[in-house]
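Structural characterization, general
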Amino acid sequence: MKALKSFFFENKSDYQTIAKNTFWLFFGNIFSRLIRFAILIYAARILGVSGWGVFSYALSLAAFFTIFIDFGVNAIITRESSRDLSLQHQYFSTALLIKIFLFVLVGFLIYFVSPLFIKQPEVLALLPLVILIVGFDGLRDFGATLSRAWEKMEVESFIQIITNVLIVIVGFAALYFLPSAKSLAIGYVIGTGVGMIVAFYPFRHYFKNIRGTFSNKLIKPILAASWPFGMMGLMGALMLNTDTIMIGWFKDINEVGYYSAAQRIAQLFYIIPTLIATAFFPAMAKSKDDPIKFKNFVEKSLTALSFIALPLMVGGVLLAGPIIKLLYSSLYTPSIIPFILMNLTYIPVFISAVLGNALFSLNQEKKLVSYVVLGIVGNFLFNLILIPYFGGIGAAVSTVVNQVIITIYLFRKIKKISSFTYFEKITKMLLASLIMGIIVAILNWFSINVIISIIAGMMVYVSVLAALKDKSLETVKLIIQRKNNLL
């Protein structure tokens, strides 16, 4: 027990810290998202396609506008504080004022600008709740971000769990007694509000002298450094949420419901690259002046993400139909094709998360601007062309094509700075994924239960990699054993 406590709650070395933080980020986020995913599945069944479409539309609005509460400020606080923790108090006070100002501005935009492009009155009725969700969630994430500079992701994990457990409890109660999109939205407001309070509790002593530690001189450097990273976050928010908003504009609310059902599953997995990239980010920031060490951090994180993304993509494409029917029932059969297409985004999404963080840790955030502009413009144009004719399927095609284009662009950008290798390191994973896909396809052909097929596919994938003596398995083993000879 002492050894376990030491491993999971103390920082002893670079890779042990990365392993510990990765565990807590995964545990907190995956556990939180799984239980929240459960209530979303329940809501999709209880509310029906139309009611589910209304709630999904409102939630997409909240997710989209939340990015403006941050706009890269959190990443700056993490980066600068991890380099010098003595400055965190000053950064906290200054950034908090910036956050509050952004919340007021965003709340105004939601309430007065959103009605100009929202046609559904049921969605408009939820706007006050959307504003509260945006504010509480944005400030909660800011509080959780402060713990990242300590490389104490267990704190962030605890905050995530508390927030989502409350969302689930209140949400289930609301749907049971008064099944409506508004009731579920109220559950989200309560959960995120309490989560915000919990997030700030470890830093309550910062509030005692908040005026004395506030620094006007830090506002300009924070905003100057944060906006390129904020633009990158904006691109992600646009690609994840404007699809739903544009479908609601060009099509009916049922089409939103079908698309959102598929999108929620993909978004559950999109958190994986964010977590791994976040766990590696402090170490990358510290090693920015050591090209060899930095290169190895990039390669290790890319390998780890590809280890997960490849089988996820292959299995998701082959089992899309059974998965949709298992989770949502046959009522959501139109969601199958969009879900098949979304599974093709895992590789580019996973890779770009690492490469974006790598550039940012090198203080090269301005190089991300062209990448962000390309992503935003491409996403909007492809959606504008495809959604009016193909609805949710068109939105899914737009996401795949655009994500591949911008990832190739970002890959080429960072290759000019760091001589890391990638494709040479995933050849055995590709072979293992192919063999796994064949087995899964055969099981699906004989109508074997989808859960059994998933378990069998995972076992085949890992077994083939073990037989091929792939180094990715050795890396995982070394991290678990807390060895430092990974480089």
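Residues numbered from 1 in each chain as written. Predicted model: local features only at pLDDT ≥ 70, side-chain atom pairs only at ≥ 80, totals over all residues. Heavy atoms only, no water.

Before going further, it helps to examine a nonpolar patch on the surface. A cluster of nonpolar side chains, contributed by Leu431, Leu434, Ile435, Ile438, Ile439, Ile442, Trp445, Phe446, Ile448 and Ile452, occupies part of the molecular surface with about 1000 Å² of accessible area. Looking at the nonpolar patch, the element that brings in the most residues is helix 17 (residues 427–445), giving seven residues. (Patch = residues over 30% accessible without salt bridge, like charges linked within 9 Å, V, L, I, M, F, W, Y side chains within 5 Å. Areas by Shrake-Rupley, 256 points an atom, 1.4 Å probe, with all protein chains shown as cover. Salt bridge = Lys/Arg side-chain N within 4 Å of Asp/Glu carboxyl O. Helix = DSSP H or I, 4+ residues; strand = E, 2+ residues; numbered from the N terminus.)

Interhelical geometry of helix 12 (residues 291–318) versus helix 17 gives an angle of 25° and a closest axis separation of 9 Å. By the criterion of interaxial angle, the relationship of helix 12 to helix 17 is roughly parallel. The two elements helix 12 and helix 17 meet at a crossing, and its hand is right-handed. Mapping the contact onto sequence places Thr303, Ser306, Phe307, Leu310, Pro311, Val314, Gly315 and Leu318 in helix 12 and Met429, Leu430, Ser433, Met436, Gly437, Val440, Ala441 and Asn444 in helix 17. (Axes fitted to C-alpha atoms, helices over the stretch in contact; angles between N-to-C directions. Parallel < 35°, antiparallel > 145°, perpendicular 65-115°, else oblique. Left-handed = near helix turned anticlockwise from the far one by under 90°. Contact = heavy atoms within 4.5 Å.)

Moving on to the packing of helix 15 (residues 346–361) against helix 16 (residues 368–415). Their axes nearest at 10 Å, the elements helix 15 and helix 16 cross at an angle of 35°. Helix 16 is crossed by helix 15, and the crossing has left-handed handedness. Two secondary-structure elements touch here, helix 15 through Pro348, Val349, Ile351, Ser352, Leu355, Gly356, Ala358 and Leu359 and helix 16 through Leu368, Tyr371, Gln403, Val404, Thr407, Leu410, Phe411 and Ile414. The residue makeup of the contact of helix 15 with helix 16, split by class, is 12 nonpolar, four polar and no charged. (Nonpolar A, V, L, I, M, F, W, Y, C, P; charged D, E, K, R; others polar.)

Turning our attention to the pattern of salt bridges. Summed over the entire model, instances satisfying the criterion amount to three salt bridges. Asp137 is paired through a salt bridge with Arg140; the nearest N and O atoms lie 2.8 Å apart. In this pair, Asp137 and Arg140 both sit in helix 6 (residues 127–149), three residues apart, roughly one turn of the helix. The exposure class of Arg140 is buried, given its relative accessible area of 8%. In this structure, Lys295 engages Glu299 in a salt bridge whose closest nitrogen and oxygen atoms are separated by 3.1 Å. With a gap of four residues between them, Lys295 and Glu299 both fall in helix 12, about one helical turn apart. Each member of the salt-bridge network shares a partner with another, and the members are Lys295, Glu299 and Lys425. (Buried < 20%, exposed > 50% of the residue type's maximum accessible area, 1.4 Å probe, protein only.)

In total, this model carries 17 aromatic pairs according to the counting rule given. Taken together, a centroid distance of 5.2 Å and an interplanar angle of 80° make the contact between Tyr111 and Phe112 edge-to-face. Put simply, the rings of Phe269, Tyr270, Tyr346 and Phe350 touch in pairs and so form one group of aromatic residues. In this arrangement the basic side chain of Lys415 is found over the ring face of Phe420, its NZ or CZ atom lying 5.1 Å from the centre. (Phe/Tyr/Trp six-rings, centres within 6.5 Å; stacked < 30°, edge-to-face > 60°. Lys NZ or Arg CZ within 6 Å of the ring centre and 35° of its normal.)

This next bit is on helix 18 (residues 450–467). With 18 residues, helix 18 should cover 26 Å at 1.5 Å per step; its first-to-last C-alpha distance of 26 Å lies within 8% of that length. Listed in full, the buried residues belonging to helix 18 are Val450, Ser453, Ala456, Gly457, Tyr461, Val464 and Leu465. Along the long axis of helix 18, the arc covered by the buried residues comes to 160°, so they all point the same way. Turned more than 90 degrees from where helix 18 packs its buried face, Met458, Met459 and Ala467 sit exposed. With a side-chain oxygen positioned 2.9 Å from the backbone nitrogen of Ile451, the residue opening helix 18 is Asn449. (Expected span 1.5 Å × (residues − 1). Arc of directions from axis to C-beta. Polar contact = N/O pair within 3.5 Å; in protein donor to acceptor, adjacent residues only side chain to side chain.)

This paragraph deals with the environment of Phe31. Secondary-structure assignment places Phe31 in helix 2 (residues 14–70). Residue contacts for Phe31: discarding those within four places in its chain leaves Phe26, Ile161 and Val165.

What follows deals with helix 16. Helix length check: helix 16, at 48 residues, gives a terminal C-alpha distance of 14 Å against a target of 70 Å (1.5 Å per residue), a shortfall beyond 12%. The largest bend along helix 16 reaches roughly 150° and is located at Phe390. (Bend = angle between axes of the 7 residues up to and from the residue.)

Within the chain, Ser447 stands out as a residue other than glycine whose phi angle is a positive 60°. Take Ser447: it is sitting in the loop between helix 17 and helix 18. Phi is positive for Lys469, close to 55°, though the residue is something other than glycine. You can see Lys469 is positioned in the loop between helix 18 and helix 19 (471–480).

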